[in-house]
Amino acid sequence: WKSKGKVKCTRRPGLDYLLFTSGQSGIVRLSDDAKFTFTYDKGGFMAKKQKMFHFWINTRFLHSVPGKPGYFEYTLFKPELDKACKDKKHETFADNFRVEMEFFVDDF
(Lines give C-alpha, C1' and ligand atoms only; values in the text may rest on other atoms or scores of the structure.)
Protein backbone atom coordinates (compact mmCIF):
# COMPACT_ATOMS: atom_id res chain seq x y z
CA TRP A 1 0.00 0.00 0.00
CA LYS A 2 1.34 3.43 -0.89
CA SER A 3 0.00 6.64 0.56
CA LYS A 4 1.24 8.84 -2.28
CA GLY A 5 -1.37 11.53 -2.83
CA LYS A 6 -3.48 10.38 0.12
CA VAL A 7 -1.65 12.07 2.99
CA LYS A 8 -1.90 15.84 3.30
CA CYS A 9 0.70 18.02 5.00
CA THR A 10 -0.09 21.28 6.80
CA ARG A 11 2.73 23.53 8.00
CA ARG A 12 2.28 25.03 11.46
CA PRO A 13 5.10 27.62 11.56
CA GLY A 14 4.04 29.25 14.83
CA LEU A 15 4.22 25.91 16.59
CA ASP A 16 7.26 24.67 14.61
CA TYR A 17 5.79 21.44 13.28
CA LEU A 18 4.15 19.80 10.30
CA LEU A 19 0.83 18.02 10.63
CA PHE A 20 0.19 15.01 8.40
CA THR A 21 -3.36 13.73 8.10
CA SER A 22 -4.76 10.96 5.98
CA GLY A 23 -8.51 11.45 6.34
CA GLN A 24 -10.87 8.65 5.42
CA SER A 25 -8.89 7.56 2.35
CA GLY A 26 -5.66 7.07 4.30
CA ILE A 27 -4.23 4.05 6.02
CA VAL A 28 -6.79 1.30 6.25
CA ARG A 29 -4.69 -1.29 8.06
CA LEU A 30 -1.29 -1.04 9.68
CA SER A 31 0.26 -4.18 11.12
CA ASP A 32 3.70 -5.67 11.76
CA ASP A 33 6.51 -3.65 10.14
CA ALA A 34 5.81 -0.41 8.30
CA LYS A 35 8.20 1.96 6.54
CA PHE A 36 7.56 5.71 6.50
CA THR A 37 9.50 7.81 3.98
CA PHE A 38 9.36 11.61 3.96
CA THR A 39 10.23 13.42 0.74
CA TYR A 40 10.04 16.95 -0.60
CA ASP A 41 9.83 18.49 -4.04
CA LYS A 42 12.83 20.69 -4.81
CA GLY A 43 10.71 22.53 -7.34
CA GLY A 44 11.38 23.30 -10.94
CA PHE A 45 10.32 21.56 -14.10
CA MET A 46 10.58 17.75 -13.93
CA ALA A 47 12.21 17.96 -10.51
CA LYS A 48 12.74 14.68 -8.72
CA LYS A 49 11.50 14.25 -5.16
CA GLN A 50 14.30 14.33 -2.61
CA LYS A 51 14.29 12.00 0.37
CA MET A 52 14.45 13.80 3.72
CA PHE A 53 14.45 10.80 6.06
CA HIS A 54 12.77 7.47 6.67
CA PHE A 55 12.13 5.03 9.49
CA TRP A 56 10.59 1.67 10.22
CA ILE A 57 8.22 0.87 13.05
CA ASN A 58 6.60 -2.30 14.26
CA THR A 59 3.04 -1.99 15.49
CA ARG A 60 3.93 -3.97 18.62
CA PHE A 61 5.95 -0.96 19.81
CA LEU A 62 2.99 1.43 19.80
CA HIS A 63 2.01 2.69 23.26
CA SER A 64 -1.63 3.13 24.23
CA VAL A 65 -2.55 6.63 25.37
CA PRO A 66 -3.83 6.58 28.96
CA GLY A 67 -7.47 7.64 29.20
CA LYS A 68 -8.01 7.42 25.43
CA PRO A 69 -9.16 3.93 24.43
CA GLY A 70 -8.21 3.12 20.85
CA TYR A 71 -5.46 5.77 20.65
CA PHE A 72 -1.83 4.77 20.27
CA GLU A 73 1.31 6.87 20.04
CA TYR A 74 4.98 6.49 19.22
CA THR A 75 7.85 8.99 19.18
CA LEU A 76 11.14 8.70 17.33
CA PHE A 77 13.99 11.13 17.96
CA LYS A 78 16.55 12.38 15.44
CA PRO A 79 19.17 9.66 16.19
CA GLU A 80 16.50 7.02 15.36
CA LEU A 81 15.62 8.49 11.93
CA ASP A 82 17.60 7.18 8.97
CA LYS A 83 19.37 9.97 7.07
CA ALA A 84 18.34 12.65 9.60
CA CYS A 85 20.71 11.10 12.14
CA LYS A 86 23.64 11.93 9.83
CA ASP A 87 22.97 15.68 10.19
CA LYS A 88 25.48 16.11 13.04
CA LYS A 89 25.82 19.90 12.53
CA HIS A 90 22.02 20.39 12.60
CA GLU A 91 21.98 22.11 9.20
CA THR A 92 18.72 20.50 8.07
CA PHE A 93 17.21 19.07 11.24
CA ALA A 94 17.25 20.71 14.67
CA ASP A 95 19.05 18.93 17.49
CA ASN A 96 15.69 18.16 19.15
CA PHE A 97 13.98 17.05 15.91
CA ARG A 98 11.52 14.21 16.41
CA VAL A 99 8.55 12.49 14.81
CA GLU A 100 5.48 12.01 16.99
CA MET A 101 2.83 9.69 15.64
CA GLU A 102 -0.70 9.13 16.86
CA PHE A 103 -2.89 6.33 15.59
CA PHE A 104 -6.57 5.78 16.17
CA VAL A 105 -8.26 2.40 15.97
CA ASP A 106 -11.82 2.94 14.79
CA ASP A 107 -13.26 -0.32 16.07
CA PHE A 108 -11.37 -0.62 19.36
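Note that this is a predicted model, so its numbers are computed, not measured.

Enquirer: I tried to follow the environment of F93 on my own but got confused; where do I start?
Expert: Tracing the backbone through its elements, the reader meets F93 in the loop between β6 (71-77) and β7 (98-104). For the pair formed by F93 and K78, sequence separation is 15 residues and the distance between their alpha carbons is 7.9 Å. Aside from chain neighbours lying at most four places away, what touches F93 is M52, F53, K78, A84 and D87.

Enquirer: How should I be thinking about unusual backbone geometry in this particular structure?
Expert: Comment: phi is negative for the bulk of residues other than glycine, and the bulk of peptide bonds are trans. Its identity is not glycine, yet K83 carries a phi of approximately 80 degrees, on the positive side. Topologically, K83 is positioned in the loop between β6 and β7. Residue classification places K83 among the partly exposed residues on the basis of a relative accessible area of 44%. Even without glycine at this site, H90 takes up a positive phi of about 60 degrees.

Definitions and limits used
Along each chain, numbering runs from 1 in the same order as the chain's sequence is written. Per-residue local features are limited, in this predicted model, to residues with pLDDT of at least 70; the limit for side-chain atom pairs, both in listing and counting, is 80 or more; totals at the level of whole chains, interfaces and linings are taken over all residues. Note that water and hydrogens are dropped before the side-chain values are worked out from all heavy atoms of the structure. Helix numbering and strand numbering both begin at the N terminus, where a helix is a DSSP run of H or I of at least 4 residues and a strand a DSSP run of E of at least 2. Contacts are assigned to residue pairs that have any heavy atoms within 4.5 Å of one another. Remark: exposure states derive from per-residue accessible area (1.4 Å probe, protein chains only) relative to the maximum for the residue type, with buried under 20%, exposed over 50%, and partly exposed in between.

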